Amino acid sequence: MTTRQGQAAGEHDRDRGAAGTADAATPHLGSAALRARRAGFRLLVGSHVLNETGAAATLVVLPLTAVLALDASAWQTALIESAYFAAYLVLGLPAGALVERARLRRVMIASDVVRCVALAALPLAWAGGVLTLPMIYGVALLLGGAQLFGDIADHSYLPHLVSDDRLIQGNSALQLVRSGAELGGPGLGGLSVQGLGAYWALTANAVASAVSAVLLWRIAVPEAKPPRPPHGLARQTWEGLRFVRGHPVLRAFALSACLNNLVFSGAFALDVVFLSRTVGVAPGLVGVLLASGAVGALLGAWLTPRLAHRFGDARTAVLAVPVAAPFLLLTPLTGDDWRIALFALAHVAISVGVTAFNILQVTYRQRACPPGLLSRVSAIFRFAVWGVAPLGALIGGALAAHLGVRTALWVLAGALIVVAPLLLCSPLRRMKTFDVNFPTKHTSC
């Protein structure tokens, strides 16, 4: 569920148009530029395999390390996830304008380097006998910041490599890669902690980030130096906010995703401690069960283009999460017998719905945003969606501390059923397929 969400003003969208023209001419050109874009997409995919596998494993390894090595409580493990997403809250709004001032590929490479250094610091501290919970919180904070800037850059970089009419397929392909990596990542993380210890698990993740940076560095598609921005950082950020606020569809997407993720963050922050302590499963099985969400994400990525074609992309986006939401009620029913399957079923179903929603709303943003705004709009969505994650994790931890972990999961599942249908109250309820010109026809919801 992770799941897994800029370029200079005008530069990115001009490149996107150029990519679309070249791709349309594929049958008779066979140009070196087109071949470079295709090779670049493959390298981007390879980078995602390593990066997303490492990220998925790390989100299991960090709390397991805290629980097994430092005897962390449910509240303390929730703080790890809260620290990870704190960067989205603090830097989420200006991040898009900052990314627009740099080359996208350099931003992605720098994000991988930061991840590598941060992850490598933990096994070194472990070897020196100085590993502490505040150190883990600090590393989680750095990892979250790197993820924020890397995600904004790669969402804006994808149209640089594929044509506009293949954005759904391109986003679905990357989501398949992310989901496949997440499928193996949690299990790999849990098993490596159980079999090898967190020292080598963290080291392997640091190496994966380094290799990801090398693959991105090898992309040969030229990227022009961004022009000097016409306005200051605050003005650029405000322009992005004003655009989203005045766009009925984007505004509805942002609000819905924000509320949904507030609930998801609270529930998912409790998963590791729920399985390891309340249910009583081994660390390796914890990773395998958490990987069930990636199975749903794989299925969702495969289904989304087909559902969009059959029912319409707008209708599929509106119904995806509300249809999946009731399955979260299965999580607190999980037990240490056959009922362990209920946890997996819940996460598969939720991941299908969330993945379909994510693919379609990201594709809509890439099509609907005017030149020079895509990075800022992506950053605003990151702020709205992931900026609430620390708050959600804290709410989940507080509920678990006062009510118990299982009762807290019941409360959060009920909250999701309440907030998930929000899009049914938006202008999207009248659409079967997306209309990128909708705001020019309607000025309000």
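Residues numbered from 1 in each chain as written. Predicted model: local features only at pLDDT ≥ 70, side-chain atom pairs only at ≥ 80, totals over all residues. Heavy atoms only, no water.

With an unreviewed UniProt entry as reference, the chain is termed MFS transporter, source organism Streptomyces longispororuber. UniProt annotates the chain under Subcellular location (unreviewed entry) with the comment "Cell membrane". (UniProt positions renumbered as here; feature names shortened; annotations may be inferred.)

Draft legend 1. Representation of the packing of aromatic side chains in the model. Summed over the entire model, instances satisfying the criterion amount to three aromatic pairs. An angle of 75° between the planes, with centres 5.6 Å apart, marks the rings of Phe 253 and Phe 357 as edge-to-face. Of this pair, Phe 253 sits in helix H10 (residues 248-268) while Phe 357 sits in helix H15 (residues 340-368), and the two are 104 residues apart along the sequence. Here Phe 253 matches Phe 357 in class, with each residue buried. Here the aromatic rings of Phe 253 and Tyr 364 are separated by 6.1 Å at their centres, their planes lie at 65°, and the arrangement is edge-to-face. Of this pair, Phe 253 sits in helix H10 while Tyr 364 sits in helix H15, and the two are 111 residues apart along the sequence. When sorted by exposure, Phe 253 lands in the same class as Tyr 364, which is buried. A network of ring pairs unites the aromatic residues Phe 253, Phe 357 and Tyr 364 as a single cluster. A cation over a ring is seen here: Arg 365 above Phe 381, with NZ or CZ 4.4 Å from the ring centre. (Phe/Tyr/Trp six-rings, centres within 6.5 Å; stacked < 30°, edge-to-face > 60°. Helix = DSSP H or I, 4+ residues; strand = E, 2+ residues; numbered from the N terminus. Buried < 20%, exposed > 50% of the residue type's maximum accessible area, 1.4 Å probe, protein only. Lys NZ or Arg CZ within 6 Å of the ring centre and 35° of its normal.)

Draft legend 2. Structural view of the pattern of salt bridges. Inspection of every chain in the model, using the stated rule, returns two salt bridges. Among the salt bridges present, the one from Arg 115 reaches Asp 112, with a minimum N-O distance of 2.8 Å. Of this pair, Arg 115 and Asp 112 both sit in helix H5 (residues 104-127), three residues apart, which is roughly one turn of that helix. The residues Arg 115 and Asp 112 share a single accessibility class, namely buried. Of the charged contacts, one joins Asp 337 and Arg 339 as a salt bridge, the two residues approaching to 2.9 Å between their closest N and O atoms. The exposure class assigned to Asp 337 is partly exposed, which follows from its relative accessible area of 35%. Accessibility expressed as a relative area gives 32% for Arg 339, which makes it partly exposed. (Salt bridge = Lys/Arg side-chain N within 4 Å of Asp/Glu carboxyl O.)

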